[in-house]
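# Architecture at a glance
The residues making up each chain are set out below.
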Amino acid sequence: MFRFVDWPLRVKLVIGTATLLAAVTLLVYFFFPARLDETARVWLERRAVGVAAVLQSGSAAAVEFDDAVAVDEVLAGLASSPEVVYATLKKPDGTKLAAYHGDRAREPAGVKVSGKPEIVYEGDLLHVVVEVRGKTNKATLAVGLSLTELNEQRHDNQITVLVVSALIFIIGLLYAFALGTLLVRPIRQLTAATTRIVNAGDLAQRIEVRSRDEVGHLAGSFRQLVEKLREIPVSLRDSVSRLGDTVNELSDNTHEQGRTIARQATALQETQVTAQE
């Protein structure tokens, strides 16, 4: 079983980058759609409250005079808002004063009615319930907006974020692989050069330096080392040649000294013979 420290440098870089990109991708996928969905909900709620406020203001006088026709005219203006599913205006006793698409009405139950709009999510609808007050009379206004567009937008946002995250992940992996290749290639070249020197004693190869980063500095130092190693045999040959010359000179001197001693011995013998005579 290989330890992580034993893995190739490029593999380490790709795995590290993939892990980081996976974490970023998950963060983007789970965070941004939620934020976009929240933003869309806030916008829809403001839109619903705005529609309810317009209807509340426009129908107050009609509620005061119990004028259903006038209320119908106010509610008819909702035809320009396709997201509005229904709108109803009911008296305090529960009877319907007017309605827009009354057959689609699904007013939420158990909502405390006041002059402040109340927002209720129920199924595929967003309901806004608010009280409409005249001088003496009052009624309950309920408006329902469809969540279909919001759900479709949420789905589209998830798909978009997923595609973008996948593209970022893939591009990041390709970049990490390419960067790892660029970093590992000169190191492999140095390894191959070292192997040739060890196995074949090849000191004639040339080490090229193509960058000025740390790997380039390493290649430069290795080239200087090879050049120094290349000079060693030359220096050794010069030293051996000088040593041979010295040995030859010493040998000549020794022979000359031997001949001198021989001549001196001969002369000494001749002197002794002469003395004896």
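Summary of the structure given here. Counting from 1, residues in each chain are numbered in the order their sequence is written. Where local features are concerned, this predicted model is filtered to residues with pLDDT of at least 70; where side-chain atom pairs are given and counted, the filter is 80 or more; whole-chain, interface and lining totals use all residues. Where side-chain values are given, they derive from all heavy atoms of the structure, hydrogens and water being excluded.

## Let's talk about the packing of helix H1 (residues 9-64) against helix H2 (residues 68-76)
H2 packs onto H1 with a crossing angle of 165° between their chain directions and a minimal axis gap of 8 Å. Between H1 and H2, the interaxial angle falls into the category roughly antiparallel. Note that H1 runs across H2; the crossing there is right-handed. Residues Leu55, Gly58, Ser59 and Ala62 of H1 lie in contact with H2, whose contacting residues are Ala70, Val71, Val74 and Leu75. Split by residue class, the contact of H1 with H2 holds six nonpolar, two polar and no charged. Fitted lines through C-alpha atoms serve as axes, helices being fitted only where they are in contact, and the angles separating the N-to-C directions of these axes extend from 0 to 180 degrees. In this description a helix means any DSSP run of H or I spanning at least four residues, a strand means any run of E spanning at least two, and both kinds are numbered starting from the N terminus. These descriptions rest on fixed angle ranges, namely under 35 degrees for roughly parallel, over 145 for roughly antiparallel, 65 to 115 for roughly perpendicular, and the rest for oblique. Crossing chirality is assigned from the near helix's rotation relative to the far helix, an anticlockwise turn below a right angle marking it left-handed and a clockwise turn marking it right-handed. Every residue pair with non-hydrogen atoms within 4.5 Å of one another is taken to be in contact. Residue polarity follows a fixed list, in which Ala, Val, Leu, Ile, Met, Phe, Trp, Tyr, Cys and Pro are nonpolar, Asp, Glu, Lys and Arg are charged, and the others, Gly among them, are polar.

## Considerations on H1
Its 56 residues give H1 an end-to-end C-alpha distance of 81 Å, which sits within 8% of 82 Å, the value for a rise of 1.5 Å per residue. Fitting axes to the seven residues that end at a residue and to the seven that start at it, the angle between those axes gives the bend at that residue. For H1, the principal kink sits at Gly58 and spans about 35°. Phi turns positive, to about 55°, at Asp66, one or two residues after H1. Multiplying 1.5 Å by the helix residue count minus one yields the expected span of that helix.

## Concerning the layout of surface pockets
When its volume is computed, the largest pocket comes out at roughly 400 Å³. The method works on a 1 Å grid over the protein atoms by themselves. A cavity is a set of points holding a 1.4 Å probe that cannot get out, a pocket is an open set with protein on both sides within 12 Å along at least five of seven lines, and residues with an atom within 4 Å of a point line them. Lining the largest pocket are 20 residues, with Arg185, Pro186, Gln189, Glu208 and Arg210 sitting closest to its centre. For the lining of the largest pocket, the secondary-structure elements that each account for two or more residues are helix H3 (148-200) and helix H4 (214-276). At 10 residues, the largest contribution of residues to the lining of the largest pocket is made by H3. In this model, the second largest pocket occupies a volume close to 190 Å³. Lining the second largest pocket, in full, are Ala40, Trp43, Leu44, Pro82, Glu83, Ser146, Thr148, Glu149, Leu150 and Gln153. Breaking the lining of the second largest pocket down by element, the ones donating at least two residues are H1 and H3. Grid points are joined across faces, edges and corners, and a volume is the space filled by probe spheres set on the points.

## Quick word on the environment of Arg41
With respect to the helices and strands, Arg41 occurs in helix H1. Relative accessible area serves as the criterion here: at 28%, Arg41 is assigned to the partly exposed category. Relative accessible area decides the class of each residue, using a 1.4 Å probe on protein chains only: under 20% of the type maximum gives buried, over 50% gives exposed, and in between gives partly exposed.

## Quick look at the pairing of strand E4 (residues 125-133)
When you tally the buried positions in E4, you get eight out of nine residues, the bulk of the element. The pairing criterion is simple: DSSP has to find at least two bridges between the two strands. In the sheet, strand E3 (residues 118-122) pairs with E4 via five bridges, with the strands oriented antiparallel. Looking at E4, one finds that Glu118 is bridged to Val129. Here E3 folds back onto E4 in antiparallel fashion, the turn holding two residues, of which Gly123 has a positive phi close to 65°. Both E4 and strand E5 (residues 138-146) contribute to a ladder of nine bridges, which runs antiparallel. By the bridge assignment for E5, Val129 is matched with Ala142. Once E4 ends, the chain turns through four residues before running back antiparallel as E5.

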